[in-house]
Amino acid sequence: MFLDFLFRREGTVFKYRGLDEQKYPVCEVMFFIDGKKDPYKTFMIVDSGADISLIPKTIGEELNLKKAELHYLGGVGGRVGYYTNYVNVQIAGKKFNMPVAWLTHDTVPLLLGRKGVFDKFRICFEERSGEVRFISIF
């Protein structure tokens, strides 16, 4: 009980947000783009089932991501093409470089996956209160 009190006081808390009728755990992500003064700020769905973070086509274009070798990944939505990029981001006050899969279409929302992120934070999903908490471990 005492430790639960300590954990609740630390970290950065983000409220779940709605898409349609459903609410999802999200966090604010700032992308730093070469040659631009201000970061691109957005919210991403925190997806513990995603291996890598996903960026839709039009947002990847805004972030000036590069097309390299085309790869494919599969999931619930089927097979999709993507390009691997590394981007400078800030999440919960911490800046770091993370890999993203830049998709060849716009049919998937911004998803924050495990690779390069979940090893940097203890992430607590609090369904009852509709919050997700990021506690830095780096």
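Because the structure is predicted, anything quoted here is derived from the model rather than measured.

Trainee: Residues and numbers for the packing of aromatic side chains, please.
Mentor: Inspection of the entire model under this criterion finds 7 aromatic pairs. Ring geometry for phenylalanine 96 and phenylalanine 138: centres 5.8 Å apart, planes at 85 degrees, overall edge-to-face. Residue phenylalanine 96 is located in strand β9 (residues 94-103), and its partner phenylalanine 138 is located in the segment after β12 (131-136); the two are separated by 42 residues in the primary sequence. These aromatic residues form a ring-pair network of at least three members: Phe14, Phe96, Phe121, Phe134 and Phe138. Over the ring of tyrosine 72 we find arginine 79; its NZ or CZ atom is 4.1 Å from the centre of that ring.

Trainee: Can you tell me about the sheet that holds strand β11 (residues 121-126), naming the residues and giving the values?
Mentor: If you trace the 3 strands from one edge of the open sheet to the other, you get β1-β12-β11, paired in antiparallel fashion. Two strands in the sheet have a free side with no partner beyond their single neighbour: β1 (12-15) and β11. Across the sheet, the mean angle separating the axes of adjacent strands is 20 degrees when strand polarity is ignored.

Trainee: An account of the pairing of strand β5 (residues 40-46) is needed here, citing residue identities and associated values.
Mentor: Most of β5 sits inside the fold, with 5 of its 7 residues counted as buried. Direction of pairing for strand β4 (residues 26-32) relative to β5: antiparallel, over a ladder of 6 bridges. Counterpart to methionine 30 in the pairing with β5 is lysine 41. Bridging between β5 and strand β10 (residues 111-112) involves 2 bridges; their strand directions are parallel. Within β10, the residue paired with isoleucine 45 across the bridge is leucine 111.

Reading the values: rules and limits
Per chain, residue numbering runs from 1 following the sequence as it is written. Only residues with pLDDT of 70 or above have their local features reported here, since the model is predicted, and side-chain atom pairs are shown and tallied only from 80 upward, although totals for entire chains, interfaces and linings are computed over all residues. To get the side-chain values, all heavy atoms of the structure are used, and hydrogens and water are removed first. Stacked, tilted and edge-to-face are the three classes assigned to paired rings of Phe, Tyr and Trp, where Trp is represented by its six-membered ring and a pair needs centres within 6.5 Å; plane angles under 30 degrees give stacked, over 60 edge-to-face, the rest tilted. Under the DSSP-based scheme used, a helix requires at least four consecutive residues in state H or I and a strand at least two consecutive residues in state E, with every element numbered from the N terminus. A positively charged side chain is recorded as over a ring if its NZ (Lys) or CZ (Arg) lies within 6 Å of the ring centre. The angle to the ring normal must also be within 35 degrees. When DSSP finds two or more bridges between a pair of strands, those strands are recorded as paired. In this analysis, axes come from line fits to C-alpha atoms, helices being fitted only over the stretch in contact, and the angle between any two N-to-C directions falls in the range 0 to 180 degrees. Each residue is placed in one exposure class: buried if its accessible area under a 1.4 Å probe, protein chains only, is under 20% of its type's maximum, exposed if it is over 50%, and partly exposed if it falls in between.

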